[in-house]
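# A structural walkthrough
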Amino acid sequence: MPSLKIWGQDEALGASAPKAEGGAEAASASVAAPSEETLARGWFRSLEEYQGDRGLGARVDVQPVVPGEPIPDSLSRRSFMQLLGGGLGVAGLQACFKPPPGEILPYGKQPANLLPGEPQHYATGLEIDGIVSPLLVTCFDGRPIKVEGNPEHPENLGSTGVFEQAVLEQLYDPTRVQSVTEQGQIRSDESFRAELSKALKQQEATQGAGLRVLVTPTTSPLLAKRRAQVLQRFPKAKLVEYAPLELGFEAGTQLAFGRRLTPSYSLDKADVVVALDADFLWTVPYGQRAAREFAARRVPQGARPMNRLYAAEANLSITGMMADHRLRARSSEIGSVALGVLHAVTAQRPLAGLSVPAVDLGSHARFVTAMANDLLKAGGKSLVLVGPRQPAEVQAVGHLINLALGNLGETVSFRPVANQLETERSALAGAAAGAPTADATQGLRELVQDIDQKKVELLVVAAPDPVHSCPSDLNLGGKLGAVAFSAYLAPYHDETAKQAKWIIPAAHAFEHWGDGIAADGSHLVFQPLLAPLFGGRSEAELLGLLAHDATPPHELIYGAWHQHIAPDQKEFDGVWGELVRRGFVGTETQASNPSAPGDSASGALAKAAQRKGASEGLELNLYQSYQVHDGRYARNGWLLELPDPVTKLTWTNAALVSPKTAEKLALETGDIVELTLRNRTIRLPAYVLPGHADGAVSVALGFGQRSPLPRSDYPSILPTFAVNAADVTDEDIAGADAYALRSSAAPWFDDGLKLVKTSDHRKLALSQELWSMEGRELAIEVPASALGTRQELAGEKATALEQPSYYNPVEYRGFKWAMAIDLARCTGCSACVVACQSENNTPIVGEEQVKRGREMHWLRLDRYFTGDSLDDPGAITQPVACEHCENAPCEYVCPVNATVHSDEGLNEMVYNRCVGTRYCSNNCPYHVRRFNYLNYSYGNKSETEKMIFNPDVTVRSRGVMEKCTYCVQRIERGRISARVQGRELKDGDIKTACQTACPTQAITFGTLSDPQSAISKLREDPRSYALLKELNTRPRTTHLVRIKNKNPELA
Amino acid sequence: MTPLFPRWSNNAFRVVLGLLVLVPTALVTLGMLWVRSPFRTEQNQSVVQPVQFDHRHHVEDVGIDCRYCHQTVEKGASAGIPPASLCMNCHSQVWNKSDKLEPVRAAYFSDTPIPWNRVHRLPDFVYFNHSIHIAKGVGCEVCHGRVDEMPEMAQAEPLTMEFCLDCHRDPNPKLRPKDQITSMAWQAPEDPRLYGDKLAAEYNVHARTSCTTCHR
């Protein structure tokens, strides 16, 4: 492997030039010669590609072009010129013909208070794996087109994570199940209900002994009530609550404190945060509040110092990228790291009745000691988080550390797990019934055993695709077919749907009533936004059929809330209306913090101390995907094309390995490898990830399902190729199914993995191949000690904004729109990217086009590795969108004046003038302009797919350039409504989509004309700098440097 | 040596040269003129509607204000075409058995739209907002003409971008008091420009000419 030196900030910021370090260094740091393939092809997408086999970059397999011969697999030059000439001739005539006559179709009977064509906002919510997000959805004429957080709810204050934005795409997906089918034949709903009631009548005779219901765990009181009703009608039936990703913390608290508790974190109070395999900056399962509160402490404010983050993990996560200090440890070693910390902490602050075994930490000892000392210094202002991937005993160690440090009641509070199901069952039965739900995989295991023993006669599945996500040793898929009557509430024709006898279309989350309990204990009501498009049914309705209760779910919710909020009030309609409008009602939750370790704590410590002997295989590390979560979003084009925050992979998962492991196994990014564990094998490409732990392979769960877009190369000249979900074949599989390697005994990480390199190679669709900043000051990060005035901060070079210019100075008299992106707060979660795509009708392009660099995201997150070490680099994320330069290089090169500068500082893009020269994109130094090479948005779109477009934004056709517009449609809408109502626009009235979506509030937008606005203050902040300032573009978007708070003991 | 080209070819060459300059110029000029002509802009061409709605009767004879039917003109981007239920407010009693109103009754009772044919049609890449124009004193008549004299609706103005820009660059002469927005025969009491300047100051009129005002 060549000695690759990643340029760090030290070199860039005016310190001694690298040339001074000697000839050898200079030689390796200079650009190597281009590879054979690059020379033959003549173009390259990144420096890595240019140098071909740089050891870590992707090797490109493209057929070399031989002069004189036709270009393989593509149109010949001659035909191209012919088509071009003919096309030009025809295209010019378009303006001459009259537009087709249009119709206006008003209502027959218009609902009252309706403004056709104006947006309406409805409060609703979404629950993902127990995390409830309060939402506010924008609808036009009854069509939801944009999801935001509920700005009144303290959980997210209007922001969302990635999934809340992207589920909207699935609402209109025509590949959703649209009709009731029985073993492939379309049947009517009546026939299903008739058959179901027959089967249920049979079950009544045995009190439901043969009935099994497979559902997901939920906080929803409505579903708990329905499930309780089912169990009341069939007392011997079994309800299995199964979530593929068990992201709960109850098992750990049970071991540590003897009670099942739910933690809630106050990260704003923590000066030191330790994340042991805990990716808490990701919104599931930690929620958006954790990220926001953490990020707020990421900047020193007055007397309050900045916090410090330690992370220990195997795979590089977004939390790891943010960490001040990071320890690479295999997932199986995290237990000993936690024990080491507990041992060091209890040496100073012992826990009564608990003796902590000592552990040999090996190379991790120095890190752990420094970390523990820091924790001890912080006392009650620290927080140790152990992620849900770790076994319960390791999580218990984490809780005990918090107990010893005195963090309980300060940075972390516990409350009893609200077992809704038991509450409802006791309400119905009048007595406490049954034990709390056991470990979920245990439930699934029993179900499979029951099916084997032919005890299951009627199985109703309301969990999303359990066959795909079930651990491989349980093999639910093979057994499901044996059940006599199985019904599956199917969102898609997925693997479970193939096995189930009856398939019922599932209603999307936005198509049915629901409720939930948020992390802070508030009760939310989820109102539907439109009637089911494809005749879908909700779980509450399906369970209602089982329980023989036809009460509509929303009446149940109404009744429950009436009971809960105002039981004495007769007239509840008005209160109900206000509740639904607001979306939630707050509830006081009682914290119940333990004060001492539980009885099983010592046992847990002993178990955690058992170190596994060194095994000969690699460690398999399964993790929840940032894109498809547990696989339920595997058909969501927006999410599949969203670049993974760390690897920048799209449309697939990969086997992530560290550079050292890759060198040992002679792997390059893109090599197809076979991973084998317990006699099961999957094939997928490898990806070399700096910062990954040695001796481990990480694979994201949830892939290996049918992809919604064709993967074969498009005929690249035809103007209306179909990017259509209907053109999918079974060969279009995205990634590899990592669930095949997952066993119920070790659901997250396992030893003994074998990796075999095959001779195949595949080019990966990476949105960013570049790893380093190559000496340029792009994403600036400084140590906390360097904070000072702007001049001191990074030298005049980086932060001075003004240079002499030969343009006439422009006087901006009205608004001066500007944006500031705080790198200290940005975690890289990519919620802003999906929000921008949703708001601005940005198309997805498919894997082949991404490989050509044609992804259309207006806002991208650049991820750079920093530092000297390839094994242990730092990483920083930088959101980049159109900078709206005052001296924009794109404006003066447009031959048709399609991109102009507005009187308020916006760089405007006028789609109807653009002829597709692409000179503007060529000239843009930030590469933020996106060109519609093909008709990505048009083509054979089904009627429902067209409904997702935001009517306020033009849908761009082929041949038109587009880019971030500072959400000009929101600016105009805000301005118009303010002027019509005769009021002044206040700071914060107009928010861009990315700004609203960001969970950490890293993006600020506003006008510089108001010196009191947030953006004006941030502009003056010493941390503010302009990207590529030396080009004198004078961007309106500035970034704020990220600050590293390093521990002097470890630096 | 005999000349290669006969003498007449000199003139031929000059003629071709002239045509080479004139023909493209003429084509382009005629094209540009045609696009701005009523042939293309459909100005002053009445459009046949499924129901023979007579604006002249309803506005001039009956005296209905524009906003009674076009209800969202002050609140939203679209002025709004009235639903059949609004027509039935009167026509459940007035002319309630007329054959001409059969489509309206049918639409009302079956809760389906009446398929009106669009008269004022802007391209899809133009985002026009009625409410801001009403709020700033632009009368209905300015763009839609004397609707109270139209038995069949027609587009009174060309609605080309030039038409919009002419006003946006100099809106003051076209302004009128906000309570006269829907008036059909209003005249400024003094020089329209002077009067408009006063109104512009009072209503805080700043007509924007940046591209994204309309093209987003």
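That block above? That's the structure.
Computed from a predicted structure; not experimentally measured.

## Points about the overall build of chain A
Along the backbone of chain A there are 32 helices and 40 strands. Each of the 1051 residues in chain A was classed as buried or not, and the buried ones make up 60%. Long-range contacts, defined as pairs at least 24 residues apart, comprise 75% of the intrachain contacts of chain A with a sequence gap of at least 6. Of the roughly 40300 Å² of accessible surface on chain A, 52% is carried by carbon and sulfur atoms.

## Overview of the interface of chain B and chain A
The extent of an interface is frequently quoted as the accessible surface area lost upon association of the parts. Counting residues at the interface gives 44 residues for chain B, matched by 40 residues for chain A. Summing the contributions of chain B and of chain A, the shared interface buries around 3600 Å²; its carbon and sulfur component is 56%. Among the residues of chain B in contact with chain A, R208, T212 and R216 of chain B are the three that bury the most area, contributing 19% of the side total. The tally of links from chain B across to chain A stands at 2 salt bridges. Taking the shortest distance from any N to any O, the salt bridge between R208 of chain B and E904 of chain A comes out at 3.1 Å. The tally of links between chain B and chain A comes to 17 residue pairs in polar contact (both at pLDDT 80 or more). Listed by contribution, the elements that provide at least two residues to the side of chain B that touches chain A are α1 (8–36), α2 (38–41), α5 (84–91), α6 (102–110), β1 (116–117) and α7 (130–135) of chain B. For the side of chain B that touches chain A, the element with the highest residue contribution is α7 of chain B, accounting for 3 residues. In terms of residue class, the side of chain B that touches chain A is made up of 20 nonpolar, 14 polar and 10 charged.

## Quick word on the pairing of strand β37 (residues 1003–1007) of chain A
Residues and elements named next belong to chain A. Burial of β37 is extensive: 5 of the 5 residues sit out of reach of the surface. In β37, alternate side chains face the same way, and those of I1003, F1005 and T1007 on one face and T1004 and G1006 on the other are all buried. Pairing of strand β30 (residues 817–822) with β37, which is carried by 5 bridges, proceeds in the antiparallel orientation. Looking at β37, one finds that A818 is bridged to G1006.

## What about helix α7 (residues 189–205) of chain A?
All names here are of chain A. The end-to-end C-alpha distance of α7, which contains 17 residues, comes to 25 Å, matching closely the 24 Å that a straight helix rising 1.5 Å per residue would cover. Residues S191, F192, L196, A199, L200 and Q203 constitute the buried set of α7. An end-on view of α7 places all buried positions within 165° of arc, on one side of the element. Across α7 from its buried face, at more than 90 degrees, point the exposed residues E190, K198, K201, Q202 and A205. As for α7, its buried residues are in contact with β7 (211–215), α8 (221–233), β15 (458–461), β16 (485–490), β17 (502–505) and α20 (539–547).

## Points about the side chain of T1033 of chain A
Among the secondary structure elements, T1033 of chain A is positioned in the loop between β38 (1024–1025) and β39 (1037–1040). Those residues in contact with T1033 of chain A, other than ones at most four positions away along the chain, are C885, E886, N887, P889, P925, Y926 and L1028 of chain A.

How each quantity is defined
- Residues numbered from 1 in each chain as written.
- Chains lettered and ligands numbered in written order.
- Predicted model: local features only at pLDDT ≥ 70, side-chain atom pairs only at ≥ 80, totals over all residues.
- Heavy atoms only, no water.
- Helix = DSSP H or I, 4+ residues; strand = E, 2+ residues; numbered from the N terminus.
- Buried < 20%, exposed > 50% of the residue type's maximum accessible area, 1.4 Å probe, protein only.
- Contact = heavy atoms within 4.5 Å.
- Areas by Shrake-Rupley, 256 points an atom, 1.4 Å probe, with all protein chains shown as cover.
- Buried area = accessible area lost by both parts, 1.4 Å probe.
- Salt bridge = Lys/Arg side-chain N within 4 Å of Asp/Glu carboxyl O.
- Polar contact = N/O pair within 3.5 Å; in protein donor to acceptor, adjacent residues only side chain to side chain.
- Nonpolar A, V, L, I, M, F, W, Y, C, P; charged D, E, K, R; others polar.
- Pairing = 2+ DSSP bridges.
- Expected span 1.5 Å × (residues − 1).
- Arc of directions from axis to C-beta.

Just geometry here; none of it tells us what the structure is for.
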